[in-house]
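Examining the three-dimensional arrangement
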Amino acid sequence: MRAQSQDLDDTTDFSAFGLSPTRLDAVAALGWTRPTPIQERGIPVVASGRDVVGIARTGTGKTGAFMLPALERTREGGGLQVLVLCPTRELAQQVAEDTRALARGTAVRVATVYGGVGYGPQLEALARGDEVVVATPGRLIDLQNRGRAKLRQVRILVLDEADRMLDMGFRPQIEEVARGLGRDRQTLLFSATMPNAVHALALGMTKDPMWIEASPPGTMAEGISEVAYSVRPERKSDLLAHLLAQPGWDQVLVFSRTKVGANALEARLTKAGISCDVIHSDRQMSHRTRAIDRFSGGKVRVLVATDIAQRGLDIEGISHVVNYDVPLDPGDYVHRIGRTGRAGATGGAVTFVTASDLGAFRALENQLERRIERIRHPEFDFSGGAVVKTKERSGARSRSASRMGRHAGVRLAPEELAELLSFDS
Ligand code: AMP
């Protein structure tokens, strides 16, 4: 895991938590030698049976923080006991995979329940009484309404990436699922950020919780270098191609604000001979799974994703994350760049900033309470050209700074120039 040594007692290892030898073997098999801060603080509290509200993003090791003690208390053959609710199928798959690894050496079965795939295996898993279910709320409610998901016996409810679930409008579903559970349960809520809505959910769902914060929201993980490139809008794909040609840009995840933009970028990169795939909500689940597999297996170098994919992706070895468009939400920014530099690897996070993104970019920095280093590459930089195109027919002026000169260049007004150059300020 990435170094967060200031939070760690050097002598702490997993044996300090009183975990069973089987669990310690599973942890060792994963190569985890020292608990991460959220594990160090969370495991004893979860083991004590107390509710937890954890402020921790994906990438901090939170799955281990709740699942290790949850598995300790799971009875093999005792039916469904641990229910994890996640915002996306990708995160559900990831949490289930991690849980299976942590349950190594036991007969505990872990099922996933999410939409977009057939009901058969999910119904079987529920009928069989798999001990752990990792689900997205929509499909789970569907099965609950059909009387196929019996949740009364659930002892531990985990709400993973609660902020994202609320962003996706899952609050009513979360509450409905919770009503189907017994009162005598432990609730563990994890969220990268703690806006009022999540705070309210946490207060409503938990009893006397211990609040644990792995790192303050918006804090950078160590090992990730962050930069922002000044870029003219029409040069964005060229800048990306230029960066992809740099040494070390091996596995690159690119976030695009729009599906249309993502598709266009895929076409552009494919044309340039760069292996690339796209995931967004219009692509079928099977396509998304295949794309992620191909990317994580190194068969495809670049994966372009819209917001839908930004959480839950846990692919080892991503060298760089590119925000092709400035993310508007600091939580999104932190999540996205958290895809890189995972588990000890170093990584780079690059954000493309056009002149019209400047306001949003500065607002993002203000909210993150840190400044991101600016880079102005003369070939792509929007302030270097300092010209605007004049659209002769409509008369509308659009700032584009094309040096190609197909339209007559007009010098910028001083205040416009100042705004452009303030990328350096
Ligand atoms: P999570 O935040 O649970 O998604 O975990 C992020 C990544 O860190 C996963 O790939 C885990 O396998 C890995 N990880 C979790 N805990 C540790 C640890 N104590 N040491 C090393 N890697 C870890």
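Here the structure is a predicted model, which means the values were calculated and not measured.

1. Some thoughts on the packing of helix α3 (residues 62-72) against helix α4 (residues 89-102)
In the contact formed by α3 and α4, the axes pass within 10 Å of each other and the chain directions differ by 45°. Here α4 runs oblique to α3, going by the angle between their axes. Every pair of crossing elements has a handedness; the one defined by α3 and α4 is right-handed. Contacts from T63, G64, F66, M67, L68 and L71 in α3 reach V95, D98, T99 and L102 in α4. Taken together, the residues of the contact of α3 with α4 break down into six nonpolar, three polar and one charged.

2. Concerning the pattern of salt bridges
Inspection of the entire model under this criterion finds 19 salt bridges. The shortest N-O distance in the salt bridge between R23 and E72 comes to 3.1 Å. Of the two residues, R23 is situated in helix α1 (residues 21-29) and E72 in helix α3; the sequence distance between them amounts to 49 residues. Judged by its relative accessible area of 29%, E72 falls in the partly exposed class. Between D238 and R268 there is a salt bridge, with the nearest N and O atoms lying 2.5 Å from each other. Highlighted residues: D238 in helix α10 (residues 236-244) and R268 in helix α11 (residues 259-271), separated in sequence by 30 residues.

3. Focus: unusual backbone geometry
Positive phi, close to 50°, is recorded for E161, a residue that is not glycine. Here E161 is to be found in the loop between β5 (156-159) and α7 (162-167). Here D208, not a glycine, exhibits a phi torsion of approximately 40°, which is positive. Within the element layout of this structure, D208 appears in the loop between α9 (196-205) and β7 (210-213). Judged by relative accessible area, which is 59%, D208 ranks as exposed.

4. As for the layout of surface pockets
Looking at the second largest pocket, its volume works out to about 180 Å³. D51, A178, R179, L181, G182, R183, R185, T187, G204, M205, T206 and K207 together form the lining of the second largest pocket. Of all the secondary structure elements, the ones that give two or more residues to the lining of the second largest pocket are α8 (171-179) and α9. Taken together, the residues of the lining of the second largest pocket break down into three nonpolar, four polar and five charged.

5. Some details on the pairing of strand β1 (residues 52-55)
Residues V52 and G54 point to one face of β1 and V53 and I55 to the other, with burial holding for every one of them. Where β1 and strand β6 (residues 186-191) come together, four bridges link them in parallel fashion. Its bridge partner lying in β6, V52 is registered against L188. Pairing analysis gives four bridges linking β1 to β7, with the strands arranged parallel. The residue bridging V52 from the neighbouring strand is M210, located in β7.

6. Some remarks on the nonpolar core
Core analysis: the biggest nonpolar cluster contains 37 residues, and F66, M67, V84, V132, V134 and L188 have the highest contact counts within it. Residue assignment for this core shows that the elements contributing at least two residues are α2 (37-48), α3, β2 (82-85), α4, β4 (132-135), β5 and β6. Counting residues per element, this core draws most heavily on α3, at six residues. Residue contacts for V132: discarding those within four places in its chain leaves M67, L71, L80, V82, T99, V108, R109, V110 and A111. With 32 residues, the next largest nonpolar core counts L143, A149, L159 and L201 among its residues.

7. Brief notes about the environment of D160
As for its placement among the helices and strands, D160 is situated in the loop between β5 and α7. Residue classification places D160 among the buried positions, given a relative accessible area of 0%. Sequence separation of D160 and S191 is 31 residues, and the distance between their C-alpha atoms is 6.6 Å. Sequence-distant contacts of D160, that is, excluding residues within four places in its chain, are made with K62, F66, V84, L85, C86, P87, L91, V95, M165 and F190.

8. Details of the packing of aromatic side chains
The final tally for this structure, using the stated rule, is four aromatic pairs. Ring centres of F14 and F17 lie 6.1 Å apart, and the angle between their planes is 65°; on these two criteria the pair is classed as edge-to-face. Between F66 and F190, the aromatic rings sit 5.3 Å apart at their centres with planes inclined by 40°, giving tilted as the arrangement. Here the residue F66 occupies a position in helix α3, and F190 occupies one in strand β6, the gap between them amounting to 124 residues. The burial state of F66 is the same as that of F190; both residues are buried. Among the aromatic residues, those joined into a ring-pair cluster are F14, F17 and W32. The ring of Y119 is capped by R139, whose NZ or CZ atom sits 3.9 Å from the centre of that ring. Looking at R146, its charged tip hangs above the ring of Y119, at a distance of 4.5 Å from the centre.

9. What about α11?
Taking 1.5 Å of rise per residue, 13 residues should cover 18 Å, and α11 covers 18 Å from first to last C-alpha, within 8% of that figure. When we look at burial in α11, the residues that qualify are A262, L265, E266 and L269. Looking down the long axis of α11, one finds its buried residues gathered within 105° of arc, a one-sided arrangement. Those residues of α11 that are exposed and angled more than 90 degrees off the buried face are V260 and K271. Close packing links the buried residues of α11 with α10, β9 (252-255), β10 (276-279) and β11 (302-305). The residue sitting at the N-terminus of α11 and contributing the capping side-chain oxygen is T258; that oxygen lies 2.9 Å from the backbone nitrogen of G261. At the exit of α11 stands G273, carrying a positive phi of roughly 80°.

Quick notes on the rules
- Each chain has its residues counted from 1, running along the sequence as written.
- The predicted origin of the model limits local features to residues at a pLDDT of at least 70 and limits the giving and counting of side-chain atom pairs to 80 or more, whereas totals for whole chains, interfaces and linings rest on all residues.
- Side-chain calculation: all heavy atoms of the structure are included, whereas hydrogens and water are not.
- Only the stretch in contact is used when fitting a helix axis, every axis being a line fitted to C-alpha atoms; angles between N-to-C directions are given from 0 to 180 degrees.
- Helix and strand labels come from DSSP, where a helix needs a run of H or I of at least four residues and a strand needs a run of E of at least two; each type is numbered from the N terminus.
- Roughly parallel means an angle under 35 degrees; roughly antiparallel means over 145; roughly perpendicular covers 65 to 115; every other angle is labelled oblique.
- In a left-handed crossing the near helix is turned counterclockwise from the far helix by less than a right angle, and in a right-handed crossing that turn is clockwise.
- Two residues qualify as a contact provided that any one of their heavy atoms is within 4.5 Å of a heavy atom in the partner residue.
- Classification used: nonpolar for Ala, Val, Leu, Ile, Met, Phe, Trp, Tyr, Cys and Pro, charged for Asp, Glu, Lys and Arg, polar for all others including Gly.
- One side-chain nitrogen of Lys or Arg within 4 Å of one carboxyl oxygen of Asp or Glu is enough to make a salt bridge.
- With a 1.4 Å probe rolled over the protein chains alone, any residue whose accessible area is under 20% of its type maximum counts as buried; one over 50% counts as exposed, and the rest are partly exposed.
- Cavities and pockets were defined on a 1 Å grid built over protein atoms only: a cavity is a set of grid points that admits a 1.4 Å probe from which the probe cannot escape, a pocket is an open set flanked by protein on both sides within 12 Å along at least five of seven lines, and lining residues are those with an atom within 4 Å of any such point.
- Grid points are joined across faces, edges and corners, and a volume is the space filled by probe spheres set on the points.
- At least two DSSP bridges between two strands are needed for those strands to be called paired.
- Residues grouped as a nonpolar core are buried Ala, Val, Leu, Ile, Met, Phe, Trp, Tyr and Cys residues, joined through side-chain atoms within 4.5 Å.
- Each aromatic pair joins two rings of Phe, Tyr and Trp (for Trp, the six-membered one) with centres within 6.5 Å, and gets the label stacked for planes under 30 degrees apart, edge-to-face for over 60, and tilted for any other angle.
- A ring has a charge above it when a Lys NZ or an Arg CZ is no more than 6 Å from the ring centre and no more than 35 degrees off the ring normal.
- Here a helix's expected span is defined as the number of its residues, less one, multiplied by 1.5 Å.
- Picture the helix axis, draw a direction to every C-beta atom, and the arc is the one those directions span.
- Under the rule applied, a polar contact is a pair of N or O atoms within 3.5 Å (in protein, one hydrogen donor and one hydrogen acceptor; residues adjacent in sequence only if both atoms are side-chain atoms).

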